[in-house]
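A closer look at the structure
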Amino acid sequence: MTLHWTPSGRDGAARAGTLRTAHGEVPTPVFMPVGTAGTVKAMTADAVRATGARMILGNTYHLMLRPGAERVARLGGLHRLADWRGPILTDSGGFQVMSLAALRKMDADGVTFQSHIDGSKHRLTPERSVEIQRLLGADVTMCFDECTPFPATEAQAAASMRLSMRWAARCREAFLPRDGHGLFGIVQGSTFPELRAESVAALTGIGFEGYAIGGLAVGEGQEAMFATLDATLPLLPADRPRYLMGVGTPADIIGAVRRGIDMFDCVIPTRSGRTGRAYTGRGVLNIRNAGHAEDLRPLDAECSCPACRSHSRAYLHHLFKAGEMLGPMLLTWHNIQYYQDLMARLRSAILEGRFEEEAAAIEAGWAMTEEE
Ligand SMILES: [Zn+2]
């Protein structure tokens with residue numbers, strides 16, 4: 001049986017369900033911490049698991065350059081190499097090629113580029129991207145596509161989306177069906193509803209185990225992002241998982257779950273944690289602020305992570321001021337814990353038919369913020 005998703009509850013358009021993969025079941029809605037180069041930065045795999053995270057993301061671009069996809073396969077695959085026993089979703093590499101690689105050259109068949117690490121030359125095509133993701137051992141493989149830059153004219157967005165749809169058909173051909181593994185198509189079309197609809201029609205015509213919404217969270221703003229979801233999600237098959245790529249803040253996630261998104265990934269909790277920004281029930285808090293220097297309260301009184309359970313804001317503030325690596329480690333753990341707790345709250349609320357009450361309660365907490 002291929003990877004599949006079964007619904008278990010609905011509240012309005014918000015959905016709860018279970019994703020069944022070769023490496024276990026994942027309750028949705030789910031937030032996947034980003035394990036860029038085979039590690040969720042500053043956390044051990046056990047620590048990631050301890051937050052309740054069940055699924056992580058790996059980046060094809062980073063792993064193909066270092067240590068290399070074939071080497072990861074020889075070492076037993078990404079699950080074994082990184083000691084992550086749960087499911088892994090890998091992106092296609094396309095987004096990072098466009099944002100990180102030097103001297104990239106795109107053609108109708110794929111993209112040739114130079115590594116940002118050592119300048120070595122590489123090529124990604126739909127077929128090679130799918131092959132790399134198989135070598136890594138991905139439970140969910142993403143179609144190789146072009147993330148349409150923002151802003152784009154309608155003509156640019158149409159040409160880019162149609163190229164991605166041709167590549168999606170090639171990815172489907174290249175994908176080797178295996179038990180508990182699946183391939184997701186990616187809806188493109190920028191903020192143009194007609195192009196999004198055309199993209200959905202093309203992808204559902206091919207048929208995928210799940211559908212991602214790509215090309216958002218690239219500078220269009222939350223209102224345009226939600227409008228695009230409103231126009232797109234009702235067109236997608238109700239029995240397949242929906243993944244909003246690269247999103248987002250807790251407020252973005254609540255709004256997207258409300259509209260029927262099941263899966264998320266974003267670097268915000270990990271990246272913010274490394275710079276001293278903590279997401280809490282009382283909004284965002286910057287632990288570097290001088291006001292925390294003698295504050296003996298925990299970061300977030302309602303959080304069960306080690307940063308909150310064992311330490312004061314004063315200690316965390318000191319760690320960041322002193323440049324100690326434990327500071328970023330503890331705040332990363334806290335932020336991942338906050339995101340996992342948020343997803344669990346949203347899921348319970350959907351199953352109990354009180355999503356809007358829960359969302360309002362969470363947002364009321366943020367409004368009591370002490371800073372920023
Ligand atoms: Zn915490």
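The structure displayed is predicted, hence computed values, not measured ones. (Residues numbered from 1 in each chain as written. Predicted model: local features only at pLDDT ≥ 70, side-chain atom pairs only at ≥ 80, totals over all residues. Heavy atoms only, no water.)

What follows deals with the packing of aromatic side chains. The final tally for this structure, using the stated rule, is five aromatic pairs. Judged by centre distance (4.7 Å) and plane angle (55 degrees), the ring pair of Phe-31 and Tyr-339 falls under tilted. Taken together, the positions of Phe-31 in strand E4 (residues 30-35) and Tyr-339 in helix H14 (residues 326-351) put the pair 308 residues apart, joining distant regions of the chain. As far as burial versus exposure is concerned, Phe-31 and Tyr-339 are alike and both buried. (Phe/Tyr/Trp six-rings, centres within 6.5 Å; stacked < 30°, edge-to-face > 60°. Helix = DSSP H or I, 4+ residues; strand = E, 2+ residues; numbered from the N terminus. Buried < 20%, exposed > 50% of the residue type's maximum accessible area, 1.4 Å probe, protein only.)

Another aspect to go through is helix H8 (residues 193-206). Over its 14 residues, H8 extends 20 Å from the first C-alpha to the last, a length consistent with the 20 Å expected when each residue adds 1.5 Å. When H8 is considered as a whole, its buried residues turn out to be Leu-195, Arg-196, Ser-199, Val-200 and Leu-203. One side of H8 holds all its buried residues, which, seen down the axis, span an arc of 140 degrees. For H8, the secondary structure elements touched by its buried residues are helix H7 (154-174), strand E11 (182-187), strand E12 (210-213) and helix H9 (222-232). A positive phi of about 95 degrees marks Gly-207, the residue just after H8. (Expected span 1.5 Å × (residues − 1). Arc of directions from axis to C-beta. Contact = heavy atoms within 4.5 Å.)

With that out of the way, let us pick up the sheet that holds strand E3 (residues 24-28). Pairing is antiparallel in the open sheet, where three strands are placed in the order E1-E2-E3. For this open sheet the edge positions go to strand E1 (4-11) and E3, each flanked by a neighbour on one side alone. Neighbour-to-neighbour, the strand axes of this sheet turn through a mean angle of 15 degrees, independent of strand direction. Inspection of the sheet shows E1 paired to strand E2 (residues 14-21) by seven bridges, in the antiparallel sense. Bridge assignment links Thr-6 to a residue of E2, and that residue is Thr-18. (Pairing = 2+ DSSP bridges. Axes fitted to C-alpha atoms, helices over the stretch in contact; angles between N-to-C directions.)

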